[in-house]
Amino acid sequence: MEQISIAEPTQPLTQSTQGGGTELAGIEDRLRRAQELGGAIPYEWDFRSNAIVATPALGRLYGLSEEQEITYEALVARIHPDDRGSSQAVHQQAIQSGGPYEQEYRVVHESGQLRTLLVRGDVIRDEHSRPIGLAGVAIDITSRKAVEIALREREAHLADRERFIRNVLASSDDCIKVLDLDANLQFMSEGGMRVMEVDDFGRIEGCSWPSFWIGRGEEKALSAVAAAKAGGVGRFEGFCPTLAGTPRWWDVAVTPIRDEDGRVERLLSISRDITARKQAEETLRLAQERIELAVAAGKVGTWVWDISAGTITADERLALMFGVDPADAARGAPVSMFTASVHPEDRERVETIMREVVQRGGFYEVEHRLMRADGTVRWIVARGECQFDETGQPIRFPGATVDITDLKQAQEAHELVTKELAHRIKNIFAVVNGILAMSARSEPTAKPFADRLRERLTALAQAHEYVRPHSPRSRNPAHANQTMMGLLRLLLAPYLQEGQERFEMKGADVLIGPTSATALALIFHEQATNSVKYGSLSTPTGRVAVSCENTGTHYCLKWQEVGGPAIDGLPERRGFGTELAIRSAASQLGGALSHEWAATGLIVHLTCPTERLRQ
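Residues numbered from 1 in each chain as written. Predicted model: local features only at pLDDT ≥ 70, side-chain atom pairs only at ≥ 80, totals over all residues. Heavy atoms only, no water.

A. Structural context of the overall build of the protein chain. Across its full length, the protein chain carries 19 helices and 21 strands. Carbon and sulfur atoms make up 53% of the accessible area of the protein chain, which amounts to about 32,700 Å² in all. (Helix = DSSP H or I, 4+ residues; strand = E, 2+ residues; numbered from the N terminus. Areas by Shrake-Rupley, 256 points an atom, 1.4 Å probe, with all protein chains shown as cover.)

B. Up close: a nonpolar patch on the surface. On the surface, a cluster of nonpolar side chains totalling about 280 Å² of accessible area is made up of V431, I435 and M438. With respect to the helices and strands, I435 occurs in helix α14 (residues 405–442). (Patch = residues over 30% accessible without salt bridge, like charges linked within 9 Å, V, L, I, M, F, W, Y side chains within 5 Å. Salt bridge = Lys/Arg side-chain N within 4 Å of Asp/Glu carboxyl O.)

C. The nonpolar core, seen in detail. Grouped together as the largest cluster of nonpolar side chains are 33 residues, with contacts concentrated most on M484, L520, L557, W559 and L613. Where this core is concerned, the elements lending two or more residues are α16 (484–492), α17 (514–533), β18 (543–550), β19 (554–562), α18 (576–587) and β21 (601–609). It is α17 that provides the largest number of residues to this core, a total of seven residues. Beyond its immediate sequence surroundings of up to four residues, W559 is in contact with L492, F503, F524, Q527, A528, V544, A545, V546, L602, I603 and V604. (Core = buried A, V, L, I, M, F, W, Y, C linked by side-chain atoms within 4.5 Å. Buried < 20%, exposed > 50% of the residue type's maximum accessible area, 1.4 Å probe, protein only. Contact = heavy atoms within 4.5 Å.)

D. A look at the packing of α17 against α18. Relative to each other, α17 and α18 sit at 150 degrees, their axes nearing to 9 Å. With respect to each other, α17 and α18 are oriented roughly antiparallel. Regarding α17 and α18, the two cross each other, and that crossing is left-handed. Here A519, L522, I523, E526 and N530 of α17 come into contact with α18, specifically with G577, T578, A581, S584 and A585. Split by residue class, the contact of α17 with α18 holds five nonpolar, four polar and one charged. (Axes fitted to C-alpha atoms, helices over the stretch in contact; angles between N-to-C directions. Parallel < 35°, antiparallel > 145°, perpendicular 65-115°, else oblique. Left-handed = near helix turned anticlockwise from the far one by under 90°. Nonpolar A, V, L, I, M, F, W, Y, C, P; charged D, E, K, R; others polar.)

E. Quick look at the sheet that holds β19. An order of β17-β18-β19-β21-β20 is seen for the five strands of this open sheet, with the pairing classed as mixed. Each edge of the sheet is formed by a strand with only one pairing partner; in this case those strands are β17 (503–507) and β20 (592–598). Direction aside, the axes of adjacent strands within the sheet are offset by 15 degrees on average. Packed onto the sheet, α17 meets β18, β19, β20 and β21 and runs at close to 15 degrees relative to β19. (Pairing = 2+ DSSP bridges.)

F. Broad picture of the pairing of strand β9 (residues 249–258). Among the 10 residues of β9, eight are classified as buried, and the element is accordingly described as predominantly covered. Where strand β8 (residues 234–239) meets β9, six bridges bridge the pair, whose relative direction is antiparallel. For G234, the partnering residue across the bridge sits in β9 and is V254. Here β9 pairs with strand β10 (residues 264–273) via nine bridges, running antiparallel. Paired with I257 across the bridge in β10 is R266. Where β9 hands over to β10, the hairpin turn is made up of five residues, of which G262 adopts a positive phi near 85 degrees.

G. Looking closely at the pattern of salt bridges. Per the counting criterion, the structure on display carries 32 salt bridges. A salt bridge links E611 to R614, with the shortest nitrogen-to-oxygen separation between them at 3.2 Å. By relative accessible area, which is 53% here, E611 ends up exposed. What emerges from the salt-bridge pattern is a single network uniting E104, R144, K145 and E148.

H. Expanded view of the packing of α16 against α17. Contact geometry of α16 with α17 gives a least axis separation of 10 Å together with a crossing angle of 45 degrees. Put simply, α16 runs oblique to α17. Where α16 crosses over α17, the handedness of that crossing is right-handed. Facing α16, whose interface residues are M484, L487, L488, L491 and L492, α17 presents A517, L520, A521, F524 and A528. Among the residues making up the contact of α16 with α17, the classes are represented as 10 nonpolar, no polar and no charged.

Now the structure itself:
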């Protein structure tokens, strides 16, 4: 430290400022207690004697043996070579500026073990303001660093997973949507936005999905939604133009999304563009029945059931699908040869539906599985219509069958991916709260901290809901404009007592943005919680007066507690929540949070640039 100008020794560094002489024993006792309480090992470095005053724990922290003397040179020698120069530069800068210092660096123990330390301190000056030493604490943060690295790796993993999910959804030309139980749009895949020609999903988010359908399409959509809400699958085809007005026909499946308890909480809608197929249907409408049905079903296997003869005549595709000799199928094979390929678990249901359609007439549609001779299973959908003669007797049953195995597999994959996206934010809060709960059970002393942290997470969720983007249909009228007063009323509502207003709010209001809302939610949740525990809200008649002033460039908020317990003076220590609130005000709002411990009640002042509140 040759660059430092050090004052000549005038008195011992540890001499009492009240003229009480040297109190080395008292200092050492305080150092030991501080070490035991917080893991922070204090030290003093006297420039005049180049002596380090510290407990043996400091030497152990730096990897010195019990026999080694704790000197500045010995400690510096243990600092990792890559960190040593910057560490000494921080000391030099602190002495020159006269201000506090803080740094992190690695130390190398004799065994080669690396530890990471956080060192904080300040310059000690004599009565002539000359630097005579440094006083500070050293904290081992090796474990914390390891946790930070693990968190960064976990975040990178989640980011990669999220990119993968986005790419999967973007690659599909199906329009994949998530609906709430009122059938309002909550999510649309990137591929869906592409085929629906949607530039900004925010324009339709929260809108009623059935209302987009034309003619009977809306009725079909509502029926499909009802089927999915009941736990089934809703299927229909309908006409719905894109957002740009391009006419499109869609094949739609609506299925339930269930929560952990099996309850239906959202709906998944997958719409496949069948415009080309519909156009082909119209073009070939007057063609022969078999071709017409083949086109309607996607140009796949067609068949005609001769009810009186008990035979089915089918094309080659359908014959191969059911494992029947194409030659036999072309001549007309017994119905039993086809039904034999129906999956045993589906056979009774399929036969029942066929009998019902023959009895009542009308359109036939059924999805079921086929089991081939080699044991493979395929999914098909069969559509047909029972026809009657002039006497009302069923005579023939033409139809078409489509292999939908790929669609079924895609539906399962899409449902899984969409459920993951729909629950991501909720699961983050649930996982964090679950971790906190487990930690609190294993560490009972941490339960109060865990409870407070869960409360803060709830405040964050409320702030997110308050400022998140809404469509005109989904926006709560009470949240039409995001303002300071609106957020305060939302956050402080739980502290009403039997309908009695415990808060008086007056003064200028101001618009706020998502970033500032998060910080404000933390700050005022902390103030309200402390007031309930220690301040005016801990008494039946206590209240809080909140007054606000907007100077144009700055917004000033005053929180004044009235009617609470008398305050004897400054608290002995500043709690974690208060420290977090102060840091949030500085880092996220660019302002300052101060506390005035008046005898009649706590007064808190928050001042920050008005422009920052809109961020």
